[in-house]
Every structure is written in C-alpha cells, then in structure tokens.
Amino acid sequence: MNPSAFRPLLAGMAAVLLAACAGAPPRLPPPALDARAPLSASGGDARAAWPVADWWTHYQDPTLDALIQRALIQAPSLAQAQARLAQARAAIAAQAAAGNAYVGASAGLQRQRISEHGLFPVQFLGFTWYSQADLGVQLQYDVDWWGKHRAQVAAATNQARAAAAEADAARLALTAAVAQTYFGWQADQARLDLATQAIAAQQRLLALARARAARGIDGSDAVHAAESALAAAERGRTALTASAEGRRIALAALLGIAADALPPLQARPLPPARAGLPAEASLALIARRPDIAASRWRVEAATQDVAAARAAFFPDLSLKALLGLSSIDLGQLLTAGSRVALLQPALSLPLFDGGRLRAGYGISRAQLDAAIADYHASVVQAAREVQQQALTVTQLADEAAQQAAALAAARAMQANAEARVRAGLGDDRSRAQAALALLQAEDATRVLSAARLAADIALIQSLGGGYADPSAAAPSPDSKDAPTP
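Here the structure is a predicted model, which is why all the values come from computation and not from measurement.

Overview of the sheet that holds strand β4 (residues 339-348)
Two strands in a sheet stick together by hydrogen bonds in their backbones, pointing the same way (parallel) or opposite ways (antiparallel).
So, step 1. Taken in spatial order, the 4 strands line up as β1-β2-β3-β4 in an open sheet, and their pairing is antiparallel. The sheet is open, and its two edges are formed by β1 (102-113) and β4, each paired on a single side. Mean inter-strand twist for the sheet, computed between neighbouring axes without regard to direction, equals 20°.
So, step 2. In terms of strand pairing, strand β2 (residues 129-143) meets strand β3 (residues 316-327) through 11 bridges, oriented antiparallel. Each bridged residue has a counterpart across the sheet, and for Leu139 the counterpart in β3 is Ala321.

Here it is as structure tokens:
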C-alpha cells in the first residue's frame, strides 16, 4: 500500500488531537501565600529567644522530664498521629509504584474437547480433544508525558509532609498539656500547705472569739463570723485537694496509664516564668508553627492535584509487549516455531466524556481554594494566639510586681503585730489576724505564679515549641504544572 495514503488519516488524527488539547484548562500560577504573620511589635520581650525542641528542660525538673518522655513514647494521641503519618507515607509508595513498568510472567495449560456439531466438524479437523500450552512474559508501561503521575506522587508526598507536621503539632500539644497539668498539681500542693496554715489561724481566731464572748467582751455574732470563716477555709482546702487529685488523673490520662500507675510526685517550688516574644516573630512564626506548616503542605498537595486533573485532558500513551511460546502440541512448545511476540503502542484521548473531566478539574480547583483559605486562616489564628499570650504574659508580670508590693506590706503588718504583742500593746487576736492576712497574700502570690507559668507554657506553644520543618528548604517536586502540548 502506498504510504501516501496514510497522510490524510494522520493529518486528521493530528487535527483531532490538537483540537482536544486546546480545550484543556490553562496552567495555574503558583498560589500566593502570606510570608509573614500579622503581628504588632508590642506585647512581648524583644530580647526573648525562640523555644527549643526540648523547651521543658529549662524548668530543670527531672520529674517533669521523665513524665514528658514517657508521654512521648506511649500517649494515645501521638499513636493516632503516627498512624496517620504511616498511612500517608504508604500512599506515596502506592502512587510511585503505579507509574512503574509492569512485568509479569504467565504459564497456562488448557485441555478442551471440540463439539462434533460445532462450526468446525471434527471430521475435517481430525481430532476431538486438543491441548493448548502457553508461556510468556508481558510488559506494560504508561508513558507519563504530561506529568500526571508525577503530580500525583508530588501530591501524596506533600500530604505526607502535612501529616508529619500534624504529628509534630500533636507532640507539642501533648508536651504542653503535660507541663501545664504537672505545674498545676505543684501549685495545688503549694496552696494546700497555706490552706492548712490558714485553717490553724482561723481556729485560733475562733477560740479567741469564744473566749471573749464567754467573758462578755464580744457578742455571739463574732463567734458566728469566726465559725463561718473557719468553714470557708476548710472548704477551700477540700477544693484544693480535689483539684490536685483531678490533675493527677488528667496527667495519667495524658500518659495513657491508670492513675495508680502514675509515678510518685513530689511537691517542689514552682520555677520562674521566662518566655517572651522574639523580635522577629512576625517573620519567622510561619516557619516555626507545625499547624501552619501542615496547612502549607496541604496547599502544595492541592496544587499538584490540580496539575494531575489538568493532565487528564491530554493524550495518554501506553506501551504493551509480549514475548512467549504457544503451541497445541506440548512436544513442540519449546521449539522456535512456537514463538509469539507482540508490540502494541496505544494512544488514547477523551473526546467526549459528558463533562467528567471538567467536573474533576473543578473539584480540584475548589479544594485548592479551600486549602489556601485554610492556610491564611491558620496564619491569622496563629498571630492572634501569639499576640494574646504575649499580652497575657506582660499583664501577669505587671500584676506580679503589684502583688509583690502587697506581700511586702502584709509581712510588714505581721511583723508589727508581733512587735506590739511583745511590747504588751496588742493581743493574740491582732497577731492571728495579721498572720492570716499574710497567708492570704502568699496564697494570692502563688496563684499568680501559677498563672504566669501557665501563660509561659501557652506562649511557648503558640510560638511553635521549637518546631523546625525538616523539608521547608526543599522545594516540592514538580511544583510546576504539566507542559502544554
């Protein structure tokens, strides 16, 4: 046949291919993502450093270190995050394997009887039964000309990076919760000691009130007031005892163990708060927050999904090959005359699909827009958390200075009351009242110290807790869309 006879057919096929490719959506530009968090310069100590990965060690509490290490090993919340990460990594392997060439071997033996009343009568064939033996090796490979498969692998890779960042976020939330709960228990223990002393002071005041009432110096109202104050002090100690036990139960739950299996906790003074807002927080916060990193990788994954959906509009080129042996005579199967071979390149292009490709592309575009919106919301939310926590740290520091002055005044009043009693100018009631006032001032100081420590940990958590994205410096593979034919 004259080869020129194929030219009109080839020209027609080329025209159809070009017309179909012309209907593909245009390439999308890279999404515009915020590079800095909307933070003001106020609300923190500009000399503060960023948290380190093991930020809890600067409190120098071996019990806390042991609790957090145990939580990082066996906490149920981390097990869930690690399972999601393992699933995402397995998805990468599955997508990568889908684009590899497939090579398979087959062997078959068939024994069949031919109908005597069929299309080919057996008297012409000369036999009724026959055998068919086949041996072969098959090859199948889809040529990723437009980058569809590469985009799918890149999307799965970025989803795994997002899952890894989410696992780091879960780790940060867990360590912060353990530290908050542990120091809350320590604060309860410190206040319980003061509550016991306050009850003793109220008991002294009640005894003095009853003695004065028995002598007719005061009326019964003073006794009732002292009794009410004593009952209130006892209720306060009961509430602190329940709070401490509740924190023990919560701490055990964070570690994934029963409360009875929790290691013994020893009361010790609360460490000082040290956190502050770094000067470059607005520039570096996005790279130091695991939740923002996860949102960014989800945007990258959605971008690659759009690229894969766009590549579906272009022709698919596949290659199939077969090499083997086939014979109806088993004795001749391994001879040269039984060789079979097949080479089958194929080109396919959707010409009319009822809008399925357009719908799939539209879904991927909508998912990309949602991922971008989620990223921007995460940045704004992170900035709000940092600003609020930094403001809380500053306010509590101011309150601590005021409370220190109040505590000094209460100590001076207690010293004066003791001096008056020694000089014979006062009685035990004034001394007990001054001691009780000092205990109340010390309790308020410890409450404020616990609040400052809680705000310290919350600010560390809002600053990322020492997170560093290990893949932030590496660009996403195949970040550009597929080429246009």
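What follows continues from the structure just given.
Thoughts on the pattern of salt bridges
So, step 1. Across all of its chains, the model carries 9 salt bridges by this definition.
So, step 2. Linking Asp291 and Arg289 is a salt bridge whose minimum nitrogen-to-oxygen distance equals 2.8 Å.
So, step 3. With a relative accessible area of 4%, Arg289 lands in the buried category.
So, step 4. Taken together, the shared-partner salt bridges in this structure form one network comprising Glu166, Arg298 and Asp374.

What about helix α6 (residues 220-255)?
So, step 1. For α6, which comprises 36 residues, the first-to-last C-alpha distance of 53 Å matches the rise-based estimate of 52 Å (1.5 Å per residue) to within 8%.
So, step 2. Positive backbone phi, at 75°, marks Gly256, one or two positions downstream of α6.

With respect to the packing of helix α8 (residues 290-311) against helix α9 (residues 356-422)
So, step 1. Two elements in contact, α8 and α9, have axes separated by 9 Å at closest approach and are oriented at 165°. Judged by the inter-axis angle, α8 sits roughly antiparallel to α9. As for the relative orientation of α8 and α9, their crossing is left-handed in sense.
So, step 2. In terms of residue class, the contact of α8 with α9 is built from 12 nonpolar, 6 polar and 6 charged.

Topic: the nonpolar core
The tendency in soluble globular proteins is for nonpolar side chains to be buried as a group.
So, step 1. Judged by nonpolar contacts, the single largest core of 35 residues is most densely connected at Leu39, Leu285 and Leu463.
So, step 2. For this core, the elements supplying multiple residues, two or more each, are α7 (281-288), α8, α9 and α10 (428-462).
So, step 3. Here the element with the most residues in this core is α9; it accounts for 13 residues.
So, step 4. Among residues more than four places away in sequence, those in contact with Leu463 are Trp50, Pro51, Gly276, Leu277, Pro278, Leu285, Arg288, Arg289 and Val386.
So, step 5. Core analysis: the next-biggest nonpolar cluster, separate from the first, contains 30 residues, Ala176, Phe183, Leu265 and Ile460 among them.

A word on a nonpolar patch on the surface
So, step 1. A surface patch of nonpolar side chains, about 510 Å² in accessible area, is lined by Val103, Val137, Leu139, Tyr141, Leu319 and Leu343.
So, step 2. Take the nonpolar patch: its biggest share by element is 3 residues, from β2.
So, step 3. One can find Leu319 in strand β3.
So, step 4. On the accessibility criterion, Leu319 (30% relative accessible area) is partly exposed.

Overview of α8
So, step 1. Helix length check: α8 (22 residues) gives 32 Å between terminal C-alpha atoms against 32 Å at 1.5 Å per residue, within 8%.
So, step 2. For α8, a buried count of 17 out of 22 residues is recorded, marking the element as mostly surrounded by other parts of the structure.

Some points on the pairing of β2
So, step 1. Pairing analysis gives 12 bridges linking β1 to β2, with the strands arranged antiparallel. In the strand pairing of β2, Gln112 is matched with Tyr130.

A few points about the environment of Gln140
So, step 1. Relative to the helices and strands, Gln140 is located in strand β2.
So, step 2. Expressed as a C-alpha distance, the spacing of Gln140 and Pro345, which sit 205 residues apart in the sequence, is 9.7 Å.
So, step 3. Gln140 has contacts with Ala101, Tyr102, Leu319 and Lys320, leaving out every residue within four places of it along the chain.

Some details on the side chain of Ser318
So, step 1. On the secondary structure map, Ser318 appears in strand β3.
So, step 2. Ser318 sits in the buried class, given a relative accessible area of 17%.
So, step 3. In this structure, Ser318 is in contact with Tyr141, Asp142, Gln344, Pro345 and Ala346, ignoring residues within four places of it in sequence.

Quick notes on the rules
In every chain, residue numbers begin from 1 and rise along the written sequence. Given that the model is predicted, a residue must reach a pLDDT of at least 70 before its local features are reported, and side-chain atom pairs must reach 80 or more before they are shown or counted; all residues, however, enter totals for whole chains, interfaces and linings. Side-chain calculation: all heavy atoms of the structure are included, whereas hydrogens and water are not. Strand pairing follows a simple DSSP-based rule, namely that at least 2 bridges must link the two strands. Strands are runs of DSSP state E lasting at least 2 residues, helices are runs of H or I lasting at least 4, and numbering of each runs from the N terminus. Axis lines are fitted through C-alpha atoms, for helices just across the contact stretch, and the angle between N-to-C directions can take any value from 0 to 180 degrees. Note on definitions: salt bridges are taken to be side-chain nitrogens of Lys or Arg within 4 Å of carboxyl oxygens of Asp or Glu. Accessibility here uses a 1.4 Å probe with only protein chains present; expressed as a share of the type maximum, an area under 20% marks a residue as buried, one over 50% as exposed, and anything in between as partly exposed. Under the convention used throughout, the expected extent of a helix is 1.5 Å for every residue step, that is, one less than its residue count. Here is the rule for angles: anything less than 35 degrees is roughly parallel, anything more than 145 is roughly antiparallel, 65 through 115 is roughly perpendicular, and the remaining ranges are oblique. Whether a crossing is left-handed or right-handed is set by the direction in which the near helix is turned from the far one by less than a right angle, anticlockwise for left-handed and clockwise for right-handed. Side-chain classes are defined by residue name, with Ala, Val, Leu, Ile, Met, Phe, Trp, Tyr, Cys and Pro counting as nonpolar, Asp, Glu, Lys and Arg as charged, and the others, Gly among them, as polar. Take the buried residues of types Ala, Val, Leu, Ile, Met, Phe, Trp, Tyr and Cys, join any two whose side-chain atoms come within 4.5 Å, and each joined set is a nonpolar core. Only heavy atoms enter the contact rule, under which two residues are in contact if any of them lie within 4.5 Å. Each patch is built from residues lacking any salt bridge and having more than 30% relative accessible area; the joining distance is 9 Å for like charges and 5 Å for nonpolar side chains (Val, Leu, Ile, Met, Phe, Trp, Tyr). Per-residue accessibility takes into account occlusion by the displayed protein chains alone, with areas from the Shrake-Rupley method and a 1.4 Å probe.

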